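# Structural overview
So you can see what is in the structure, the chains are spelled out below.
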Amino acid sequence: NAGVTQTPKFRILKIGQSMTLQCAQDMNHNYMYWYRQDPGMGLKLIYYSVGAGITDKGEVPNGYNVSRSTTEDFPLRLELAAPSQTSVYFCASSLYGTGGRNEQFFGPGTRLTVL
Amino acid sequence: DAKTTQPTSMDCAEGRAANLPCNHSTISGNEYVYWYRQIHSQGPQYIIHGLKNNETNEMASLIITEDRKSSTLILPHATLRDTAVYYCIVGDGNKLVFGAGTILRVKS
């Protein structure tokens, strides 16, 4: 199993550009998550999904969009990049959601810089 | 979700036990205590979780006080590879709220 994979690893965007961060998992997990991590800080939840076709906002959703058409994929879209979106983005997945048995598996991250 | 308080940093000698404390005085009855760690700039890694009872797995032990207001993560024989940021998180698990965590430095 590859686990959770993310592409690209690094990206530099100009202000106002758009891009999609890709995330895929091969563990047949129902739950998937997007976090961002600013320098020296903990992770903050952007969006999450409890299954194909179902998504919901996390703590910091403004400026982002998501979709979940398949169990495996959970792309994150930035429509109009701003310098405040410079961050490291982590995707994660878990088999279960709430309760105790919901260990989250994280991808390696995408380092995004907006200039 | 309940908030947690952790020391900013700790040092530990290689081969010794590392004991990482966490305060979560506002934890509610259905909230679990989760521990994750993040090595360098990698994605966080799950370590262990518990509700009321102490838990042990191949990586660590989790000791939760009887009133559930605090807990301690124990790495029994710390190695240099355990140097990382350790996050104590309290919640139902779906939407994890990461604080700044504790930087653990294991020194030879």
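The shown structure was predicted, so the numbers you read here are calculated from the model rather than taken from an experiment. (Residues numbered from 1 in each chain as written. Chains lettered and ligands numbered in written order. Predicted model: local features only at pLDDT ≥ 70, side-chain atom pairs only at ≥ 80, totals over all residues. Heavy atoms only, no water.)

## What to know about the nonpolar core
For clarity, the threshold we go by: Residues belong to one nonpolar core when they are buried, are Ala, Val, Leu, Ile, Met, Phe, Trp, Tyr or Cys, and are joined through side-chain atoms within 4.5 Å. Buried residues are those whose accessible area, probed at 1.4 Å on protein chains only, stays under 20% of the maximum for their type, while exposed residues exceed 50% and partly exposed ones sit between those limits. Any pair of residues with heavy atoms lying within 4.5 Å of one another is described as a contacting pair.
Core analysis: the biggest nonpolar cluster contains 21 residues, and B:Trp35, B:Leu73, B:Tyr86 and B:Leu104 have the highest contact counts within it. Setting aside anything within four residues of it in sequence, one finds B:Tyr86 in contact with B:Gln6, B:Leu20, B:Trp35, B:Tyr36, B:Arg37, B:Ile47, B:Leu73, B:Leu75, B:Gly101, B:Thr102 and B:Leu104.

## A word on the interface of chain A and chain B
Inclusion rule: Buried area is a sum: the accessible area each of two parts loses on coming together, probed at 1.4 Å, counted once for each and added. Any Lys or Arg side-chain nitrogen located within 4 Å of an Asp or Glu carboxyl oxygen qualifies as a salt bridge. The definition of a polar contact used here is a pair of N or O atoms within 3.5 Å, where within protein one atom must be able to donate a hydrogen and the other to accept one, and adjacent residues in sequence count solely through side-chain atom pairs. Strands here are runs of E lasting at least two residues and helices are runs of H or I lasting at least four, both read from the DSSP assignment and numbered beginning at the N terminus. Following the grouping adopted for this structure description, the nonpolar residues are Ala, Val, Leu, Ile, Met, Phe, Trp, Tyr, Cys and Pro, the charged ones are Asp, Glu, Lys and Arg, and the polar ones are all others, Gly among them.
In this complex, chain A contributes 22 residues to the contact, which on the side of chain B involves 18 residues. Across the chain A to chain B interface the summed buried area is about 1,600 Å²; carbon plus sulfur atoms make up 52%. In this structure, the connection of chain A to chain B is made through 0 salt bridges. Counting across the interface, chain A meets chain B through 4 residue pairs in polar contact (both at pLDDT 80 or more). Among the secondary structure elements, those contributing two or more residues to the side of chain A that touches chain B are strand 4 (31-37) and strand 5 (43-51) of chain A. For the side of chain A that touches chain B, the element with the most residues is strand 4 of chain A, which contributes 4 residues. For the side of chain A that touches chain B, a count of residues per class yields 10 nonpolar, 9 polar and 3 charged.

## Quick look at the sheet that holds strand 1 (residues 4-7) of chain A
All names here are of chain A. Applied cut-off: By the convention used here, strands pair only if DSSP detects at least 2 bridges between them. Only the contacting stretch of a helix is used when fitting its axis, a line to C-alpha atoms as for every element, and angles between N-to-C directions run 0 to 180 degrees.
As summarised here, the arrangement of the 4 strands in space is 1-3-8-7, forming an open sheet in which the pairing is antiparallel. Lying at the two open borders of the sheet, with one neighbouring strand each, are strand 1 and strand 7 (64-66). Direction aside, neighbouring strands of the sheet carry axes that sit 20° apart on average. Of the pairings in the sheet, the one linking strand 7 to strand 8 (residues 76-78) comprises 3 bridges and is antiparallel in character. Bridge pairing in strand 8 places tyrosine 64 opposite leucine 78.

## As for the packing of aromatic side chains
For the record, the criterion: Each pair of aromatic rings taken from Phe, Tyr and Trp, with Trp reduced to its six-membered ring, is defined by centres within 6.5 Å and is described as stacked if the planes are under 30 degrees apart, edge-to-face if over 60, and tilted in the remaining cases.
The final tally for this structure, using the stated rule, is 10 aromatic pairs over all chains. Note on A:Phe106 and B:Tyr36: the rings are 6.0 Å apart at their centroids and 85° apart in plane angle, and the pair reads as edge-to-face. Here the residue A:Phe106 occupies a position in strand 10 (residues 105-106), and B:Tyr36 occupies one in strand 3 (residues 32-38), the pair thus bridging two chains. The class for A:Phe106 is buried, based on a relative accessible area of 12%. A relative accessible area of 0% means that B:Tyr36 is categorised as buried. Counting every residue linked through ring pairs, the aromatic cluster contains A:Tyr33, A:Tyr35, A:Phe106, B:Tyr36, B:Tyr46, B:Tyr87 and B:Phe98.

## Let's talk about the sheet that holds strand 2 (residues 18-23) of chain B
Residues and elements named next belong to chain B. Strand order in the open sheet formed by 4 strands is 2-7-6-5, and the pairing between neighbours is antiparallel. Edge positions in the sheet fall to strand 2 and strand 5 (55-56), since each of these pairs with one other strand and no more. Bridge count for strand 5 against strand 6 (residues 61-64) is 2 bridges, and the pairing is antiparallel. Within strand 6, the position partnered with threonine 56 by the bridge is serine 61.

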